Amino acid sequence: MIIINLDVMMAKRKMSLGELSDKVGITLANLSVLKNNKAKAIRFSTLDAICKALDCKVEDILEFKEEE
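Going along each chain's sequence as written, the residues are numbered from 1 onward. Per-residue local features are limited, in this predicted model, to residues with pLDDT of at least 70; the limit for side-chain atom pairs, both in listing and counting, is 80 or more; totals at the level of whole chains, interfaces and linings are taken over all residues. Note: side-chain values were computed over all heavy atoms of the structure, leaving out hydrogens and water.

Participant: Describe helix α2 (residues 17-24), with residues and values.
Facilitator: Those residues of α2 lying buried are L20, S21 and V24. With its buried residues spanning 105° around the axis, α2 presents them on a single face. Of the exposed residues in α2, those oriented more than 90 degrees away from the buried face are D22 and K23. We call two residues contacting when some pair of their heavy atoms lies within 4.5 Å. Helix and strand assignments come from DSSP, with helices taken as H or I runs of at least 4 residues and strands as E runs of at least 2, each series counted from the N terminus. Tucked into the core, α2 has its buried residues touching α1 (6-12), α3 (28-35) and α4 (44-54). Think of it in three bands: with a 1.4 Å probe and only protein chains considered, a residue is buried below 20% of the maximum accessible area for its type, exposed above 50%, and partly exposed in between. An arc is given here, and it is the one of the directions from the helix axis to the C-beta atoms.

Participant: Residue-level account of the nonpolar core, with values.
Facilitator: What is meant by a nonpolar core is a set of buried Ala, Val, Leu, Ile, Met, Phe, Trp, Tyr and Cys residues, joined one to another through side-chain atoms within 4.5 Å. If you look at the biggest cluster of nonpolar residues, it comprises 16 residues, and the most contacted ones within it are L6, L20, L31, I50, L54 and I61. Broken down by secondary-structure element, the contributors of at least two residues to this core are α1, α2, α3 and α4. When residues of this core are assigned to their parent elements, the largest contribution, four residues, is made by α4. Sequence-distant contacts of I61, that is, excluding residues within four places in its chain, are made with I3, I4, N5, L6, M9, I50, C51, L54 and C56.

Treat this as a map of the structure, not an account of what it does.
So this is what it looks like as C-alpha cells:
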C-alpha cells in the first residue's frame, strides 16, 4: 500500500494547503484528496511540482507499506 505523507511535509515546512495549492497550481479539492490518502493516482508533473514547492524528495512524500 502506498501512503502519502503530504500532511507531514506540509507541517514540517509550516505550509498551509492553500499556500501549497497556489505554489503548485492544483485545486484545494485535489490536494485535499492527496493529503487524505484518497487519491488513486498522481501525475509525475504534479509530484514534481509538490516536491519543488516543499523542497523535498519523492520519498519524503510517498511511502510503501506492506498490507497486513
